[in-house]
Amino acid sequence: MWALNAGGYRRLGAAGSVAVAAGGWAAGTLPARDPWGLWVPHGSAVTVTGAVLAYVGLTLLVVAWWRYGRTGASPRHTLVTLVWWATPLALTPPLYSADVYSYIAQGAMVLEGHDVYSAGPSILDPAGLGGDAAASVGGNWTEAPAPYGPFFLILARGVTWATGGTIVPAVLGMRLIAVAALVLIVWALRRLARERGTSESGALWLGALNPLLLMHVVGGMHNDGLMIGLMLAGVVLAMRGGWIAGGALIGLAMMVKSPAGMALLFIGVYVGRAATGPLVRRVAKGLAPGLVAVAVALVASLLGGTGFGWLRTQSVAGTIHTALSATSDLGLGLGELLHLLVGTDPDPVKAAVRNLGLGVALVLIARLAWRTVRGRPDQADGPVPARSADFARTPGPDPAARPAAPPHPAHALGLALLALVALSPMVQPWYLLWGMTVIAATAPYGRTGTVLTVLSAALVYETHPSGATPWYGFVLAGIACVIGTLLVRRERNAPGEAPAPAHEPAVATHRT
């Protein structure tokens, strides 16, 4: 197989990113109405051509990313590569999702005094503030109340107020928040990797340079990016002794999307184990970050003008069936089978299987938390040796996941988030980022990191640039998953010298 140096793969990925961006202008998630006339459809032939260009560019980006991870590039080189790859995606219409239109419409609802937790964007005047955004919202969300926390709605309200709800500037305003989230993720990844003694370049490669993240955080502007950035930053600060600031940031992350609250369990374990004195004192110290986060959530709910309605809308997303949810698919199939055999209503069966999945996820999360509680600091909190940049050629299991040593609380948090996503009643491709970013900083080249690498390369194909999920997207994702698995096995068994570790200046001769 042909091979390039790190600079060559940087340029290949940049070419792919430009192709995705160019295709997005024709086949992206265009608004229903754009008074500026910039983001408008140009006919079916142009749309199909744009979609093909975007898929070709995405393939180039995935190949460049996969190979770049084996070059031993330095953190600085990786950061510059990230800028090259992310910049074209920051200048496009929304890609791979219409969620940003919901964000803008909900910001307009807050400005106009509507209760975003009891009504959907359809309540807005089509000719008024946020009307164009509301008309562009995906069908499932037109009538749905907001499942997001008050802090994010405050930001959406600010963007809508500053731009008057005009589509192009409002979308670009939300993209500024997404880019800021990416910067925060990069900051937290680097520091968490240093804290754990893992490869900083590996953390950036898997957790920030990842095409799945670039697509759905920069291109699609999903607020999951902001949730992840705040959550990771809170974890870093808490691990460095700043449990008050850490708890506050995790509280803000919860006020974007509630799954960030999972971090409080594992950070509480870390803080409590680091404390000295009687058991009561250590337990109290472990609960302290959670109390700070609750206080932040309380203040955000009171000052945001949206109240506490977010508490009752957390199950809204779970009412929508997605093909990536194993429990929903199993429940639907089992329910329909029983309906054919004995005539029972399939809905209760589907609900029971979904609830069972959530119950299993809670058991797995509790087990992970218990293992970290029982772990000794010298076992779970010590540094993990940095790995070679070529994860496939690095023999042996992930040190943080060996049964003999309990997982570090941060690593356990990543595994817990992955378990929650895998067994959730609604799963979107970008949900994988919740736990993957944590794993990227704690064990990017371990077994879990390898699985996440293959899944990232596959799931990018599941979504069309327009935000749809066509059948051929799943076929392409399946093919990519098979190819990725075969490549991992081939590279693991390939003879030859592995590339330089990421902490060595392997690309010092390349210009950045």
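Note that this is a predicted model, so its numbers are computed, not measured.

1. With respect to the overall build of the protein chain
Summing up its helical and strand segments, the protein chain has 20 helices and zero strands in all. Sorting the 512 residues of the protein chain into buried and exposed places 58% on the buried side. Looking at the protein chain alone, contacts between residues at least 24 apart form 78% of all its contacts between residues at least 6 apart. Surface summary for the protein chain: the accessible area is close to 20,400 Å², and the carbon and sulfur share equals 67%.

2. Describing the packing of helix α12 (residues 262-274) against helix α15 (residues 346-374)
Here α12 crosses α15 at 15 degrees, and the two axes come no closer than 10 Å. Between α12 and α15, the angle falls in the class roughly parallel. The hand of the α12/α15 crossing is right-handed. Along its contact with α12, which presents Met262, Leu265, Phe266, Val269 and Arg273, the element α15 presents Ile365, Leu368, Ala369, Thr372 and Val373. Here the residues of the contact of α12 with α15 sort into eight nonpolar, one polar and one charged.

3. A closer look at a nonpolar patch on the surface
Nonpolar side chains collect at one region of the surface, where Leu298, Val299, Leu302, Leu303, Phe308 and Leu311 lie side by side and expose about 620 Å² of accessible area between them. Within the secondary structure, leucine 311 is located in the loop between α13 (279-303) and α14 (326-342). For leucine 311, a relative accessible area of 55% puts it in the exposed group.

4. Here we look at the packing of aromatic side chains
Counted according to the given criterion, the structure contains 11 aromatic pairs. Ring centres of tryptophan 430 and tyrosine 431 lie 6.1 Å apart, and the angle between their planes is 90 degrees; this geometry places the pair in the edge-to-face category. Classification of tryptophan 430 as buried rests on a relative accessible area of 8%. A network of ring pairs unites the aromatic residues Tyr55, Trp471 and Tyr472 as a single cluster. Geometry around tryptophan 84 places arginine 10 over its ring, the cationic atom sitting 5.1 Å from the centre.

5. Brief notes about the pattern of salt bridges
One pass over the structure, following the stated rule, counts eight salt bridges. Residue aspartate 132 is joined to arginine 33 by a salt bridge in which the shortest nitrogen-to-oxygen separation is 2.8 Å. Separated by 99 residues along the polypeptide, aspartate 132 in helix α5 (residues 131-135) and arginine 33 in the loop between α1 (6-27) and α2 (44-68) bring together distant segments of the chain. Judged by its relative accessible area of 19%, aspartate 132 falls in the buried class. The partner of glutamate 200 in a salt bridge is arginine 194, and the shortest N-O contact between them spans 3.2 Å. Residue class for arginine 194 comes out partly exposed when judged on its relative accessible area of 45%. Residues joined in a network through salt bridges with shared partners are Arg67, Arg70 and Glu491.

6. Focus on the nonpolar core
Judged by nonpolar contacts, the single largest core of 137 residues is most densely connected at Met174, Leu189 and Phe266. Not counting residues within four places of it along the chain, the set of residues in contact with phenylalanine 266 comprises Ile365, Leu368, Ala369, Thr372, Pro409, Ala412, Leu413 and Ala416.

7. Thoughts on unusual backbone geometry
For tyrosine 96, which is not glycine, the phi dihedral falls at a positive 70 degrees. Counting through the fold element by element, tyrosine 96 comes out in the loop between α3 (75-89) and α4 (99-111). At methionine 221, a residue that is not glycine, the phi angle is positive and equals roughly 60 degrees. Structurally, methionine 221 is set in the loop between α9 (211-219) and α10 (224-239).

8. Thoughts on the environment of leucine 287
In this fold, leucine 287 is placed in helix α13. Note on leucine 287: relative accessible area 54%, which makes it exposed. Taking the C-alpha atoms as reference points, leucine 287 and valine 269, 18 residues apart in sequence, are found 8.6 Å from one another.

9. Some details on the packing of helix α7 (residues 167-196) against α9
The contact between α7 and α9 brings their axes to 8 Å, and the two run at 140 degrees. Relative to α9, the element α7 lies oblique. Judged by residue contacts, Arg175, Ala178, Leu182 and Ile185 of α7 engage Leu213, Val217, Val218 and Gly219 from α9.

10. Concerning the environment of leucine 432
The topology assignment puts leucine 432 in helix α18 (residues 432-442). Since its relative accessible area comes to 10%, leucine 432 is described here as buried. Through-space distance from the C-alpha of leucine 432 to that of alanine 422 is 8.6 Å; in sequence the pair is 10 residues apart. If we ignore the near neighbours within four places in the chain, the residues touching leucine 432 are Leu212, Leu418, Leu452, Leu455, Ser456 and Leu459.

11. Describing helix α6 (residues 150-163)
An ideal rise of 1.5 Å per residue puts 20 Å on 14 residues; α6 measures up with 20 Å between its terminal C-alpha atoms. Regarding α6, the residues found buried are Pro150, Phe151, Phe152, Leu153, Ala156, Val159, Thr160 and Thr163. Just downstream of α6 lies glycine 164, where phi reads positive at about 65 degrees.

12. A closer look at α12
For α12, built from 13 residues, the straight-helix expectation of 18 Å at 1.5 Å per residue is met to within 8% by its first-to-last C-alpha distance of 19 Å. Judged by how many residues are buried, α12 sits mostly within the fold: 11 of 13 residues are covered. Three or more residues of α12 are buried, namely Met262, Ala263, Leu264, Phe266, Ile267, Gly268, Val269, Tyr270, Val271, Gly272 and Arg273.

13. Structural notes on the confidence of the model for the protein chain
When pLDDT is low, close inspection of the predicted coordinates is not appropriate. Scored by pLDDT, the protein chain comes out at a mean of 87, with 89% of its residues at no less than 70. Note on residues 496-512: pLDDT under 50 across the span, and 41 contacts to partners over four residues away in sequence or across chains.

14. Considering the side chain of threonine 463
Looking at the secondary structure, you find threonine 463 in the loop between α19 (447-459) and α20 (471-493). Residue classification places threonine 463 among the buried positions, given a relative accessible area of 3%. A polar contact is formed between the side chain of threonine 463 and the side chain of glutamate 462, at a distance of 3.0 Å.

15. A short note on the environment of alanine 323
Relative to the elements of secondary structure, alanine 323 occurs in the loop between α13 and α14. For alanine 323, a relative accessible area of 45% corresponds to the partly exposed category. Not counting residues within four places of it along the chain, the set of residues in contact with alanine 323 comprises Asp329 and Phe474.

Cut-offs and rules
Residues numbered from 1 in each chain as written. Predicted model: local features only at pLDDT ≥ 70, side-chain atom pairs only at ≥ 80, totals over all residues. Heavy atoms only, no water. Helix = DSSP H or I, 4+ residues; strand = E, 2+ residues; numbered from the N terminus. Buried < 20%, exposed > 50% of the residue type's maximum accessible area, 1.4 Å probe, protein only. Contact = heavy atoms within 4.5 Å. Areas by Shrake-Rupley, 256 points an atom, 1.4 Å probe, with all protein chains shown as cover. Axes fitted to C-alpha atoms, helices over the stretch in contact; angles between N-to-C directions. Parallel < 35°, antiparallel > 145°, perpendicular 65-115°, else oblique. Left-handed = near helix turned anticlockwise from the far one by under 90°. Nonpolar A, V, L, I, M, F, W, Y, C, P; charged D, E, K, R; others polar. Patch = residues over 30% accessible without salt bridge, like charges linked within 9 Å, V, L, I, M, F, W, Y side chains within 5 Å. Salt bridge = Lys/Arg side-chain N within 4 Å of Asp/Glu carboxyl O. Phe/Tyr/Trp six-rings, centres within 6.5 Å; stacked < 30°, edge-to-face > 60°. Lys NZ or Arg CZ within 6 Å of the ring centre and 35° of its normal. Core = buried A, V, L, I, M, F, W, Y, C linked by side-chain atoms within 4.5 Å. Expected span 1.5 Å × (residues − 1). pLDDT = per-residue confidence, 0-100. Polar contact = N/O pair within 3.5 Å; in protein donor to acceptor, adjacent residues only side chain to side chain.

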